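# Commentary on secondary and tertiary structure
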Amino acid sequence: MKRKICLHALSVKHQNLLLGLVRRLLPACLSKYKVKDKYLESGDFYKYREARFKPKFVPGVVISCTYGSMSVNDRIFPVADVVVDFENSMDGAKAFAKEFIAKLLSGKNQFVAVEPSLKNRAAMLRGSLNVEQLDYYDANRAASLIYTHVPWQIYEINRLWQDVLTNEEDKPVIRQLRVKIRRLRSLLALLTPLFKEEEINAWLKVWKAAFDSLAIVRELDVALLNCERIARRHEENRGVPILEKILTAKRQAAVQVYLNNVQLNVITHKNVDFLFWLYSTELTELGTASSLQDFLNLRFTKWTGKLLVLREKYPDATDMTSLHKIRIKIKRFRYALLSIPELKKSLELLRALKNLQDSLGFLHDDFVGEALLDNLLEEFPGNKELHLEVALFKGWDKGKAESTLENFPILWDNFCSLLRVWQKENL
């Protein structure tokens, strides 16, 4: 089966530069050139010039350089793509594709992995991608979930990493990146029985490490957001300016440490390696023999059953460790459910899930934030003003935390009631 990996060049301003970059990395090739423009039903369009290179002595591989532009929702997006089309069942073709991409990403030009189909890419930009209409979608095979539901999440993650590395002061981007990685991890957890256990567990660890690498920045962002809220509530004493200044400096330092240890092409290469593995790994019998719907019913029936007994498993609603475990499972279920359009979702259930996630998230942030503040006090033991501001900060957080804990049983019972109804109607 043929597969495609597409790398979008970020800073190439002319087609000849892209062509020269690719030609230097290729052996003797047969080449073809064409110009194409296409209008989509949505009113969007794309146009490009393409050069296709077919290595003479490596069957099963075609390298394309596509240069032009696309218009989506009246916005113009550049197209500067290197598409590697290879026969996945031919070891020589796959090895050549891997080696070529490694060489391409080892240079100075920066690339991100993107959707190879411009039609599908336009749908992604519009937010209207329908996975059931993708070429690899097959309702009779559970494995189709792997090839249609996972790759587009990789493209989103790679793009957000690009945004983080080029604009480290944009706090929402870091949060969005962590959410996208969490969503991917949740989907992979759902699909785990389709893969060999050792292989999928290794990749889950890779994605968890990527998620954790931005954890300290996220914690500092939460604390800084609370500083801003306190300042709005306490205008007469200017909020907590000393604490805010220290947290801001620590965030800048944490971001710099992160930036010093990562490069976009290295991240892109890791994402591409994951796609190569995804397209070629040997699946379990469940992945090859069961239908898509049967597999989803099996997995979500198991997950809902575990969710409904979580309060019995973790009865102490004041234990932050237990609440954190419940939070992780709630988030995993919500993100996996949102990634599966084949299953109907009631707005009431999604709202209940979001309310639970937000409440448990606040309690976790409060718990982590308190430890962060205690460490600051140990770092600045003689700063009396800082100690007063930390006391104000903790007091402001404490009241909301107590209210959230009191409301948690009500939110949980409402969620379980809605989940049972959803399970009965859809599984």
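This text follows the structure it describes.
Residues numbered from 1 in each chain as written. Predicted model: local features only at pLDDT ≥ 70, side-chain atom pairs only at ≥ 80, totals over all residues. Heavy atoms only, no water.

What follows deals with the environment of alanine 113. Counting through the fold element by element, alanine 113 comes out in strand β6 (residues 111-114). Spatially, the C-alpha atoms of alanine 113 and leucine 275 are 9.7 Å apart, while their sequence positions differ by 162 residues. Among residues more than four places away in sequence, those in contact with alanine 113 are Cys6, Leu7, Tyr155, Asn158, Thr268 and Val272. (Helix = DSSP H or I, 4+ residues; strand = E, 2+ residues; numbered from the N terminus. Contact = heavy atoms within 4.5 Å.)

The next subject is helix α8 (residues 215-233). Since the α-helix advances by 3.6 residues per turn, residues separated by three or four positions end up pointing in the same direction. In a regular helix each residue adds 1.5 Å, so 19 residues correspond to 27 Å; α8 covers 27 Å between its end C-alpha atoms and thus fits that length. Of the residues making up α8, those classed as buried are Val217, Leu220, Asp221, Val222, Ala223, Leu224, Asn226, Cys227 and Ile230. Elements in contact with the buried residues of α8: α6 (171-191), α9 (241-260), α15 (347-379) and α16 (384-426). (Expected span 1.5 Å × (residues − 1). Buried < 20%, exposed > 50% of the residue type's maximum accessible area, 1.4 Å probe, protein only.)

Moving on, we get to the sheet that holds strand β5 (residues 75-87). Pairing is antiparallel in the open sheet, where six strands are placed in the order β2-β3-β4-β5-β1-β6. Each edge of the sheet is formed by a strand with only one pairing partner; in this case those strands are β2 (29-39) and β6. Adjacent strand axes in the sheet meet at a mean angle of 25° when their direction is disregarded. For strand β1 (residues 2-9) and β5, the ladder comprises seven bridges, and the chain directions are antiparallel. By the bridge assignment for β5, lysine 4 is matched with aspartate 85. Along the sheet, helix α10 (residues 264-280) makes contact with β1, β5 and β6, crossing β1 at roughly 170°. (Pairing = 2+ DSSP bridges. Axes fitted to C-alpha atoms, helices over the stretch in contact; angles between N-to-C directions.)

In this section: the side chain of glutamine 15. Among the secondary structure elements, glutamine 15 is positioned in helix α1 (residues 15-23). In this structure the side chain of glutamine 15 is engaged in a polar contact, spanning 3.4 Å, whose partner is the backbone oxygen of arginine 49. Excluding anything up to four places from it in sequence, glutamine 15 contacts Arg49, Glu50 and Tyr67. (Polar contact = N/O pair within 3.5 Å; in protein donor to acceptor, adjacent residues only side chain to side chain.)

Attention shifts here to the packing of helix α5 (residues 151-166) against α10. Across the interface, α5 lies against α10 with an axial gap of 10 Å and an inter-helix angle of 175°. Our classification of the angle between α5 and α10 gives roughly antiparallel. Two secondary-structure elements touch here, α5 through Pro151, Ile154, Tyr155, Asn158, Trp161, Gln162 and Leu165 and α10 through Leu264, Ile267, Thr268, Asn271, Phe274, Leu275, Leu278 and Tyr279. For the contact of α5 with α10, the per-class residue count stands at 11 nonpolar, four polar and no charged. (Parallel < 35°, antiparallel > 145°, perpendicular 65-115°, else oblique. Nonpolar A, V, L, I, M, F, W, Y, C, P; charged D, E, K, R; others polar.)

What the rule picks out here adds up to 14 aromatic pairs. When the centroid spacing of 5.7 Å and the interplanar angle of 35° are considered together, the rings of phenylalanine 274 and tryptophan 277 count as tilted. With phenylalanine 274 and tryptophan 277 both in helix α10, this residue pair falls three residues apart, about one helical turn. Owing to a relative accessible area of 11%, tryptophan 277 belongs among the buried residues under this scheme. (Phe/Tyr/Trp six-rings, centres within 6.5 Å; stacked < 30°, edge-to-face > 60°.)

Packing of α6 against α8 leaves a shortest axis separation of 10 Å and a crossing angle of 130°. Comparing their axes, α8 and α6 come out oblique. In this structure, α6 meets α8 at a crossing whose hand is left-handed. Where α6 abuts α8, its residues Lys171, Ile174, Arg175 and Arg178 lie against Ala215, Val217, Arg218, Asp221, Leu224 and Glu228. Class assignment of the residues belonging to the contact of α6 with α8 gives a composition of four nonpolar, no polar and six charged. (Left-handed = near helix turned anticlockwise from the far one by under 90°.)

Function cannot be read off these values alone, since they describe shape.
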